[in-house]
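Summary of the model geometry
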Amino acid sequence: MDSLSGIFPSNVIVEILACLPAQSLVRCRCVSKSWRSLLSEPYFVTKWLNRSGTSLLVVPLKWENRDKCSLVFENVSIGKKNLRLPLGNRWFSLSVVGSSSDGALICLTGLSYISHSSSKQTVILWSPFTGKVKALGYEDYIYCHHRPYCSESLIQGYNSGCCSHYDVHGFGYEPNARDYKVVRITYSGGVGRRAEYPLTPRRVEVYSLGRDAWTSLSIPDFTWTIRGNSRAFVNGSAHWLAAPTEDAPYDSIVAFSMEEESFGEVIKLPQMEDISQFSLNPRGKATLSVSCSSLALIAFGVWNQEECGIWVMKEYGVAESWTKQHHIVLPIGLTVQAALGLTGHGKILLRMVDEKLVCCDVEDMQISEVGIEGGGPESSFDVIDLGGGDPTLRNQTGSGSR
């Protein structure tokens, strides 16, 4: 491999490179064309992940905290400045949409100010292992009747009431086409709209990385209200918790198939008697996640917010197969701000009210701090589980920022 190939066998060079941290790998891409090609290969990315034990990627939601983007190995942070988000100064706020199964491709949305009453939202693909960034063309303009201070709710896919509309997103891989796709669903907002009325999507679009283009789809005929970006990609579909009206509790799951580029049958949430003890309020902490390739629901107690239940759908699409897998009671005084999902290592990720990230083992309920924390709501972060390798991954993210 260039001059080193005469000194070390190529497999030894690969083993050495696989031990390097992410920032060093980005610099190594500049050594030669052969190294750049090697470091983009799916097998190398998978080897790097397996060797390093990388489990989590922590992404700050505010641009001024971009230096706090961190890779986390098991439960120990390797530092808060090891991954600088290479996104320039365009976006002041970020939101995590999803990632490839091996974490080599991350999908985000970025929000930027246009004027005192308008913002612009862009979908972004980023490879933290190559440093490449791709903004996906079409940018959505959002107008606010007051001022764009509602960005925190807007970027997370909630209707603030004063904005023209809000978007929710999903990201996933379509293996038959060997293609990554992003779906964007747009809901109308605006002052004066009554929250008790059903809310219908006004626009649905799909981006194909292979085609490098957005396609408009027919508007679905359902009236389900969904909020936030999809946190559960299962069975080839992105999933969102859904409510019949904006103020009603969640009672269903909406799924969008990346292969069919259409919405599937609405999936009912668990109907067990004890589910009534847990809050499914859309403004609460209930979320979808993935547990051993199955859909999982995480919800917290109505009266005891230190109480957490986790249900898993054993047979996809069959509502009767929901099973309560875990019941967790956190120590008194630990107040959760948001559940960020389940990891492949059998832990639930929790962002606390003091902005610390903790992992709770769902089996023995042992709690450990990850070593990442913000300084308040204005410095929130999100987390992506990077575990597992995807042999079908192909680096298609282009040659840099656009």
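Our structure's up above, just so we're on the same page.
The notes below deal with the structure included here.

The rules behind these values
- Residues numbered from 1 in each chain as written.
- Predicted model: local features only at pLDDT ≥ 70, side-chain atom pairs only at ≥ 80, totals over all residues.
- Heavy atoms only, no water.
- Helix = DSSP H or I, 4+ residues; strand = E, 2+ residues; numbered from the N terminus.
- Buried < 20%, exposed > 50% of the residue type's maximum accessible area, 1.4 Å probe, protein only.
- Contact = heavy atoms within 4.5 Å.
- Areas by Shrake-Rupley, 256 points an atom, 1.4 Å probe, with all protein chains shown as cover.
- Pairing = 2+ DSSP bridges.
- Axes fitted to C-alpha atoms, helices over the stretch in contact; angles between N-to-C directions.
- Left-handed = near helix turned anticlockwise from the far one by under 90°.
- Nonpolar A, V, L, I, M, F, W, Y, C, P; charged D, E, K, R; others polar.
- Salt bridge = Lys/Arg side-chain N within 4 Å of Asp/Glu carboxyl O.

Let's talk about the overall build of the protein
Within the protein, the regular secondary structure consists of five helices and 28 strands. Burial status across the protein gives 55% buried among its 402 residues. Put simply, of all contacts in the protein between residues at least 6 apart along the chain, 52% involve residues at least 24 apart. Of the accessible surface of the protein, which amounts to about 16,900 Å², a share of 52% is contributed by carbon and sulfur atoms.

Some words on the pairing of strand β15 (residues 237-243)
Most of β15 is tucked away, with seven of its seven residues classed as buried. Burial of the side chains of β15 extends over both faces: S237, H239, L241 and A243 are buried on one face and A238, W240 and A242 on the other. As defined by bridge partners, strand β13 (residues 225-226) adjoins β15 across two bridges and the pair is classed as antiparallel. Considered in β15, the bridge of T225 is made with A243. Bridging between strand β14 (residues 232-234) and β15 involves three bridges; their strand directions are antiparallel. Counted as the bridge partner of V234 is S237 from β15. What sits between the antiparallel neighbours β14 and β15 is a turn of two residues, in which N235 has the positive phi angle 55°.

A closer look at the pairing of strand β24 (residues 336-342)
Counting buried positions along β24 gives six out of seven residues, so the element sits mostly inside the fold. Bridge count between β24 and strand β25 (residues 347-352): five bridges; the pairing is antiparallel. When the sheet's bridge partners are listed, A338 is paired in β25 with R351.

Examining the packing of helix α1 (residues 10-17) against helix α3 (residues 33-40)
As a packed pair, α1 and α3 sit with axes 12 Å apart at the nearest point and diverge in direction by 65°. Crossing hand, α1 versus α3: right-handed. Taken together, the residues of α3 that come into contact with α1 (itself represented by I13, V14 and L17) are W35, L38 and L39. Partitioned by chemical class, the residues of the contact of α1 with α3 number six nonpolar, no polar and no charged.

Here we look at the pattern of salt bridges
Throughout the structure, instances matching the rule amount to six salt bridges. Among the salt bridges present, the one from D212 reaches K134, with a minimum N-O distance of 3.4 Å. Separated by 78 residues along the polypeptide, D212 in the loop between β11 (201-208) and β12 (213-217) and K134 in strand β7 (residues 133-135) bring together distant segments of the chain. Relative accessible area serves as the criterion here: at 3%, K134 is assigned to the buried category.

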